[in-house]
Amino acid sequence: MAGHSKWATTKHKKAALDAKRGKLFARLIKNVEVAARTGGPDPDGNPTLYDAIQKAKKNSVPGDNIERALKRASGDDADAVNYESIMYEGYAAGGVAVLMECLTDNRNRAASDVRVALSRNGGTLADPGSVSYLFARKGVVELAKADGVTEDDILMAVLDAGAEEVNDEGDTFEVICEATDVVAVRTALQEAGIDYDSAEVQFVPSMKVEVDLETAKKAMKVIDALDDVDDIQNVFSNMDIPDDVLAQLESED
């Protein structure tokens, strides 16, 4: 889940569990395939593909899987699938806004699965445009905390590349920039010798909803259910979980 509360870090750790690994691999491979089909199969000339491949490698997706995805994208594979991108909007508990980014080869299946995941877990589907205005499309570069690399080091490296802010998210740093500057920011980090985990365009909430423990649990139930929908690539929310509530959630895990 992306949502730019500290919960993202906790979710990242959960995603490493074996039960989630297969689903994560499938999403990362789908990203590679769609990026290659949209912008061409050469990572040097297609920054979106470059970043999709980097993210797949960082998450230990086997090289053979990546190569097969590139082959499918070029039309050289009988298993090639045409995906379309669809955005759904909805609400979880406590008025928490949720954006669902889908890549699907079956629009009807995706719509049905999203609707079921929401309705069975206390969420509601919203009309197009009623939630999306609460989010801005931004470039987001995530970095694991490394020995000796400080927030100031990162800021100095990316300031001239168009970075707007650097956030400390617990186990990670997050650099926010305009969507059009994500490649420049990523390149600036590489030139400064600073490693990064992912660089991509996400939907960042412009207004957050702070939640208590019970509301956080209810909202996370909805978001977890959406995360389990095969056609959903990303779930973005504007939920803000205070540190004390997050500590309670983690202690109950």
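If you're wondering where the values come from, they're calculated on a predicted model, not measured in any experiment.

**Observations regarding the pairing of strand S4 (residues 135-144)**
In terms of strand pairing, S4 meets strand S7 (residues 198-205) through eight bridges, oriented antiparallel. If you follow Gly139 over to S7, its bridge partner there is Val201. For S4 and strand S6 (residues 172-178), the ladder comprises seven bridges, and the chain directions are antiparallel. Looking at S6, one finds that Ala144 is bridged to Thr172.

**Thoughts on the pattern of salt bridges**
Under the counting rule described, the total for this entry stands at 15 salt bridges. Among the salt bridges present, the one from Glu200 reaches Lys55, with a minimum N-O distance of 2.8 Å. Remark: Lys55 occurs in helix H3 (residues 47-58) and Glu200 occurs in strand S7; sequence separation between them is 145 residues. Residue Arg109 pairs with Asp105 through a salt bridge whose shortest N-O separation is 2.7 Å. Linked by salt bridges that have partners in common, Glu33, Arg37 and Arg72 make up one network.

**Some points on the packing of aromatic side chains**
Scanning the entire structure with this criterion turns up one aromatic pair. On the basis of an interplanar angle of 65 degrees and a centroid distance of 5.6 Å, the ring pair of Phe203 and Phe236 is categorised as edge-to-face. Residue Phe203 is found in strand S7, and its partner Phe236 is found in strand S9 (residues 232-237); the two are separated by 33 residues along the sequence. Accessibility classification places Phe203 together with Phe236 in one group, the buried group. The positively charged end of Lys145 is found above the aromatic ring belonging to Phe173, 5.0 Å away from the centroid.

The rules behind the values
- Residue indices follow the written sequence of each chain, beginning from 1 at its first position.
- Residues qualify for local features only when their pLDDT is at least 70, as the model is predicted, and side-chain atom pairs are given and counted only at 80 or more; totals for whole chains, interfaces and linings, by contrast, use all residues.
- Derived side-chain values reflect all non-hydrogen atoms in the structure, with water molecules and hydrogen atoms excluded from consideration.
- A pair of strands is treated as paired once DSSP finds two or more bridges between them.
- Here a helix means four or more residues in a row that DSSP labels H or I, a strand means two or more in a row labelled E, and each is numbered from the N terminus.
- Salt bridges, as used here, are contacts in which a Lys or Arg side-chain nitrogen is within 4 Å of a carboxyl oxygen on Asp or Glu.
- By convention, a stacked pair of Phe, Tyr or Trp rings (six-membered ring in the case of Trp) has centres within 6.5 Å and planes under 30 degrees apart, an edge-to-face pair has planes over 60 apart, and any other such pair is tilted.
- Exposed residues in this analysis have more than 50% of their type's maximum accessible area, buried residues have under 20%, and partly exposed residues fall in between, with area computed by a 1.4 Å probe over protein chains only.
- Put simply, a charge is over a ring when the Lys NZ or the Arg CZ is close to the ring centre, within 6 Å, and near the line of the ring normal, within 35 degrees.

Any link to function would need more than the numbers given here.
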